[in-house]
Amino acid sequence: MLIDRLLAVPLPLRKGIVAALIRARALSPEDMAAFARSQTSFYASFYEGFDTDDFTSLPILSKTLVRDVPPYDLLATSHRDRVVYYAETTGSTGSPTPAFYTRGEFRSARVLGLLSAHFQELRGLLTTHRACVNGMAYGLTIAGMSFGDLLEFAGGLTANVGSRSTLATPTRIARVIARLAPVAVAATPIDFLSWMRILEEDHPERVDRVHASLKMLLSSAELCARSRVARIEEHFGLRHVDVYACVEGFFTLACTCGEKHVLPAYHTELFDADLKPIGPFGTGRLAFTNLVKRSTPMLRYLLDDWVTIRRSSCPLGFGTSVVPHGRYELNVSLGDEQVNVEQIEDALFSHGLFGDYRAVVFDDHMELQVERYAPRHDSEARISEHFRARFGLPAQVTFVPFGTITPYREPRQSKPILKLEDRRSGSSQETPEFL
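Description of the structure in this document. What you see is a predicted model, and the numbers here were worked out from it, not measured in a lab. (Residues numbered from 1 in each chain as written. Predicted model: local features only at pLDDT ≥ 70, side-chain atom pairs only at ≥ 80, totals over all residues. Heavy atoms only, no water.)

## What to know about the state of the cysteines
Structurally, a disulfide amounts to a covalent bond that connects the sulfur atoms of two cysteines.
Part 1 of the reasoning: Applying the stated criterion across every chain, the model contains zero disulfides.
Part 2 of the reasoning: Left unpaired, Cys224 is separated from the closest cysteine sulfur, that of Cys257, by 17 Å.
Part 3 of the reasoning: Owing to a relative accessible area of 5%, Cys224 belongs among the buried residues under this scheme.
Part 4 of the reasoning: Free cysteine: Cys255, not disulfide-bonded; nearest cysteine sulfur from Cys314 at 3.7 Å. (Disulfide = S-S within 2.5 Å. Buried < 20%, exposed > 50% of the residue type's maximum accessible area, 1.4 Å probe, protein only.)

## Considering the pattern of salt bridges
Part 1 of the reasoning: Scanning the entire structure with this criterion turns up 19 salt bridges.
Part 2 of the reasoning: In this structure, the salt-bridge partner of Glu222 is Arg412, at a minimum N-O distance of 2.8 Å. Within this pair, whereas Glu222 is found in the loop between strand E6 (216–219) and helix H13 (226–236), its partner Arg412 is found in the loop between strand E19 (395–401) and strand E20 (420–422), the two being separated by 190 residues in sequence. Of the two residues, Glu222 and Arg412, both sit in the buried class.
Part 3 of the reasoning: A salt bridge links Asp356 to Lys419, with the nearest nitrogen and oxygen atoms 2.6 Å apart. You can see Asp356 sitting in the loop between helix H14 (341–348) and strand E17 (357–361) and its partner Lys419 sitting in the loop between E19 and E20, a full 63 residues away along the chain. The same class applies to Asp356 and to Lys419, which are both buried.
Part 4 of the reasoning: Each of Asp191, Glu222 and Arg412 takes part in salt bridges that share partners, so that together they form one network. (Salt bridge = Lys/Arg side-chain N within 4 Å of Asp/Glu carboxyl O. Helix = DSSP H or I, 4+ residues; strand = E, 2+ residues; numbered from the N terminus.)

## Some details on a positive patch on the surface
Part 1 of the reasoning: On the surface, Arg172, Arg175, Arg179, Arg206 and Arg209 cluster together to form a positively charged patch.
Part 2 of the reasoning: Looking at which element gives the most residues to the positive patch, the answer is helix H10 (residues 170–180), with three residues.
Part 3 of the reasoning: Its location among the elements puts Arg179 in helix H10.
Part 4 of the reasoning: Given the relative accessible area of 57%, Arg179 is considered exposed. (Patch = residues over 30% accessible without salt bridge, like charges linked within 9 Å, V, L, I, M, F, W, Y side chains within 5 Å. Areas by Shrake-Rupley, 256 points an atom, 1.4 Å probe, with all protein chains shown as cover. Lys, Arg positive; Asp, Glu negative; His and termini not counted. Charge placed at Lys NZ, Arg CZ, Asp CG, Glu CD.)

## With respect to the sheet that holds strand E3 (residues 131–134)
Part 1 of the reasoning: An order of E4-E3-E5-E6-E7 is seen for the five strands of this open sheet, with the pairing classed as parallel. Since the sheet does not close on itself, it has two edges, and those belong to strand E4 (157–160) and strand E7 (239–242), each with one partner. Neighbour-to-neighbour, the strand axes of this sheet turn through a mean angle of 15 degrees, independent of strand direction.
Part 2 of the reasoning: Strand direction decides the pairing type here: strand E5 (residues 184–186) and E6, joined by three bridges, are parallel. Looking at the pairing, Ala184 lines up with Met216 of E6.
Part 3 of the reasoning: Together, E5, E6 and E7 form the strand contacts of helix H8 (residues 117–125), whose direction differs from that of E6 by roughly 135 degrees. (Pairing = 2+ DSSP bridges. Axes fitted to C-alpha atoms, helices over the stretch in contact; angles between N-to-C directions. Contact = heavy atoms within 4.5 Å.)

## Focus: the sheet that holds E17
Part 1 of the reasoning: What the four strands build is an open sheet, ordered E19-E18-E17-E20; its pairing is mixed. The open sheet has two free edges, formed respectively by E19 and E20, since each of these has just one partner strand. Averaged over all adjacent pairs, the angle separating strand axes in this sheet is 15 degrees, with direction ignored.
Part 2 of the reasoning: Across five bridges, the pairing between E17 and strand E18 (residues 366–372) is antiparallel. Within the sheet, the bridge partner assigned to Ala359 lies in E18 and is Leu368.
Part 3 of the reasoning: Each of E17, E18 and E20 touches H14; the most contacted strand, E17, lies at about 115 degrees to it.
Part 4 of the reasoning: Sheet contacts for helix H15 (residues 380–391): E18 and E19; angle to E19, the most-contacted strand, approximately 140 degrees.

## Examining a negative patch on the surface
Part 1 of the reasoning: On the surface, a cluster of negative charge is made up of Asp31, Asp51, Asp53 and Asp54.
Part 2 of the reasoning: Tracing the backbone through its elements, the reader meets Asp31 in helix H3 (residues 29–39).
Part 3 of the reasoning: When its relative accessible area of 43% is taken as the criterion, Asp31 is described as partly exposed.

This is the structure in structure tokens:
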């Protein structure tokens, strides 16, 4: 089987082979623009009067522009009989963005497996005990289905429990984890912490067995800084692989070098606050073009996360890395720096904490409420001083019990997007429509 043969190839060579296969299928940005205009009614209108050969002159596709577009207007006519799945974003910055998938496009998550040393490790772990629990959300998001497919591809026996459901409550998911003692769990960081706390409280006799079996956490859907990844790994004694992706596609790879790499199927661009182009590297608002996915072309799509893209010296040969900082509209200006969730988490979780939190910026100080998950961490005073030195404002840090901010026994109805709130008189934050 081709997949098995590829997985037997050393990773650096395999990466080159898979990248070459992707490039063979990929269109140039200009050709993808021409395809979109000829195949969809939306782009036929959107690009009217524009030259698709002049790619950087084409208009930016923002989420607000997609707001009133009927989904079928974004579906390529050549793929109408081939698509099998429909998905949507949560629509936190406007109406949901639609995405159709053919079977082949849906299985793009498997490409991550072929490129990832983490996946190779997971396949090895599953040779002795195959149980996995996939707790990513189902529904209109594609996340649960994609991670379930990835775990199956790795050889797992997977319980797709989902989340955000009265049928798959946190208590019930914790019971499944207690019964199966899985090798791998896929979940958002907050959900995973909730289930593990319930496990300790409701099934104390199973805790040691679960901890001995559990070797990998695959997380996504919520930003998780590297410092938090490290604390979760340390506390639970597992590998934490945090995946930066979206409903529109898997566009990055979490690497064993500790970085997240932009996949070769994507053309990325950065823009400043006024949507003036910055260039391929730097810090700005992220837009991408998928050069492979043809059923729902997404060109110069303003995902609008605030990110840093830089060159990488990854030993496996990946050349570009991305650091997501948070949603652009939630940026907070502190001194000369644009601060978002990633910078707050990087400072906070370096002190041994890793529970949920909220940070609020006032004109003359900051206040942070932080959940304690484990007893070993620095003091409130020490963290307050770190934040004062790091961000230039006096900081008041208050510890609260785990579950105070996000009740861990209740199904969550939404993402905790607004973790950093700017209450200053000159705040430029734009609160999402749906939290």
